[in-house]
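Residue-level listing of the chains:
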Amino acid sequence: KPVEAAAQAPAALPAAAGGDAGSGTGETAPEPPSLTDAEILQLIEFARIGYRRGIERKLAEIATGRGSDTTLALLADRLARFDMAGLIAALEALAAHAEDDASASARQRVMEADVDA
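Residues numbered from 1 in each chain as written. Predicted model: local features only at pLDDT ≥ 70, side-chain atom pairs only at ≥ 80, totals over all residues. Heavy atoms only, no water.

Examining the environment of leucine 91
And step 1. Its place among the elements puts leucine 91 in helix α5 (residues 84-116).
And step 2. Separated by 16 residues in sequence, leucine 91 and leucine 75 have C-alpha atoms that sit 8.1 Å apart.
And step 3. Each residue touching leucine 91, except ones within four places of it in the same chain, is listed here: Ile40, Leu43, Ile44 and Leu75. (Helix = DSSP H or I, 4+ residues; strand = E, 2+ residues; numbered from the N terminus. Contact = heavy atoms within 4.5 Å.)

A look at helix α4 (residues 70-80)
And step 1. Of all 11 residues making up α4, nine are buried, and the element is well covered by its neighbours.
And step 2. Listing the buried residues of α4 in full gives Thr71, Leu72, Ala73, Leu74, Leu75, Ala76, Asp77, Arg78 and Leu79.
And step 3. Among the residues of α4, the N-terminal cap falls to aspartate 69, whose side-chain oxygen and the backbone nitrogen of threonine 71 are separated by 3.1 Å.
And step 4. Phenylalanine 82 sits one or two positions beyond α4 and adopts a positive phi of about 50 degrees. (Buried < 20%, exposed > 50% of the residue type's maximum accessible area, 1.4 Å probe, protein only. Polar contact = N/O pair within 3.5 Å; in protein donor to acceptor, adjacent residues only side chain to side chain.)

And the structure:
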């Protein structure tokens, strides 16, 4: 199973991006998120209610569709430890990172439009 393989290769998230989640491990950043906003929100909801099987299924579905990466490995590792608080923190950090990227992209488009005008 892709999720089991991902759980064996844990990745990490920096404290600045919401990682660490109180673990005090000083973990490092994963690749940029490979999850959609809808997937992140669904995984957060599942984690909030402790729906482990739902999270496992969703991670497996994502891995099957796009392949595994460090982000999925991080989430699978947190799930394997049943660290729902850490899982939620990592997902929220990914959502914030995606919002920052979207804002930066929008700013870039505005600057390019000003140059063209």
